[in-house]
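Inside the fold
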Amino acid sequence: MSQNTYIKEEINDAESMYTVDRHIEAYLLHLRHLKHSMSTVRIRKTAVERFFSSLAVENVGDVSTRTLEDYRLLLVDSGLSESTVDMHVRSLKDFFSYLEKRNLIFDNPFRRIRMHRPKQRRMDILTKAEV
């Protein structure tokens with residue numbers, strides 16, 4: 001059981017009682033408020049929803065560092081490209097940072113995860129003859 005299962009008792013407003021779906025909805029509204037493109041919002045939505053639907057988690061506080069590590073391995077094993085896996089994991093990191101900044105979780109499980117940068121693809125430059 002993660003420390004996040006112990007949501008601050010003094011937060012008694014309706015926001016603290018949101019289900020995962022309500023947290024996701026509020027997060028997406030936050031992204032729109034920050035003027036992220038609709039494409040970015042859609043990508044983040046897909047990544048976060050995929051994470052929670054694959055785990056069938058009802059409370060964001062139930063997510064631990066181990067859960068995140070296992071999920072990353074699941075994405076890798078599913079055959080997704082390294083950059084797609086990275087995009088999913090970074091979307092989740094941003095979502096949990098959003099929750100932490102609003103005091104909806106005590107302990108952000110991403111604080112103990114080392115983020116991996118995907119290898120940059122080397123772009124070959126055409127010679128004059130090839131141009």
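Below or above, wherever it landed, is the structure these notes cover. (Residues numbered from 1 in each chain as written. Predicted model: local features only at pLDDT ≥ 70, side-chain atom pairs only at ≥ 80, totals over all residues. Heavy atoms only, no water.)

On to the overall build of the protein chain, then. Across its full length, the protein chain carries four helices and zero strands. Each helix and strand of the protein chain, placed in order from N terminus to C terminus, yields the pattern α-α-α-α. Per-residue burial over the protein chain gives 34% buried out of 131 residues. A fraction of 68% describes how many contacts in the protein chain between residues 6 or more apart in sequence connect residues 24 or more apart. As displayed, the protein chain has an accessible area near 9,200 Å², and 50% of this comes from carbon and sulfur atoms. (Helix = DSSP H or I, 4+ residues; strand = E, 2+ residues; numbered from the N terminus. Buried < 20%, exposed > 50% of the residue type's maximum accessible area, 1.4 Å probe, protein only. Contact = heavy atoms within 4.5 Å. Areas by Shrake-Rupley, 256 points an atom, 1.4 Å probe, with all protein chains shown as cover.)

Running from N to C, helix α1 (residues 20-33) and helix α2 (residues 38-55) cross one another at 160°; their axes reach a closest spacing of 10 Å. Between α1 and α2, the angle is such that the two are roughly antiparallel. Between α1 and α2 lies a crossing of right-handed hand. Here Val-20, Ile-24, Tyr-27, Leu-28, Leu-31 and Arg-32 of α1 lie close against α2, whose contacting residues are Met-38, Val-41, Arg-44, Lys-45, Val-48, Glu-49 and Phe-52. Of the residues belonging to the contact of α1 with α2, the class tally is nine nonpolar, no polar and four charged. (Axes fitted to C-alpha atoms, helices over the stretch in contact; angles between N-to-C directions. Parallel < 35°, antiparallel > 145°, perpendicular 65-115°, else oblique. Left-handed = near helix turned anticlockwise from the far one by under 90°. Nonpolar A, V, L, I, M, F, W, Y, C, P; charged D, E, K, R; others polar.)

For the rest of this paragraph, the subject is the environment of Ser-37. The residue Ser-37 is located in the loop between α1 and α2 in this model. According to the relative accessible area criterion, Ser-37 is partly exposed, its value standing at 38%. Among the polar contacts listed, one links the side chain of Ser-37 to the side chain of Thr-40, at a separation of 3.0 Å. (Polar contact = N/O pair within 3.5 Å; in protein donor to acceptor, adjacent residues only side chain to side chain.)

Across its 20 residues, helix α4 (residues 82-101) extends 28 Å between first and last C-alpha, which sits within 8% of the 28 Å expected from 1.5 Å per residue. Along α4, the residues classified as buried are Val-85, Asp-86, His-88, Val-89, Ser-91, Leu-92, Phe-95, Phe-96, Ser-97, Tyr-98, Leu-99 and Glu-100. In this structure, the buried side of α4 is in contact with α1, α2 and α3 (65-77). Asn-103 occupies a position one or two residues after α4 and carries a positive phi of about 60°. (Expected span 1.5 Å × (residues − 1).)

This next bit is on the pattern of salt bridges. With the rule as written, the count across this model stands at six salt bridges. Its salt-bridge partner being Arg-66, residue Asp-70 comes within 3.3 Å of it at the nearest N-O pair. Of this pair, Asp-70 and Arg-66 both sit in helix α3, separated by four residues, roughly a single helical turn. The class for Asp-70 is partly exposed, based on a relative accessible area of 36%. Classification of Arg-66 as exposed rests on a relative accessible area of 52%. (Salt bridge = Lys/Arg side-chain N within 4 Å of Asp/Glu carboxyl O.)

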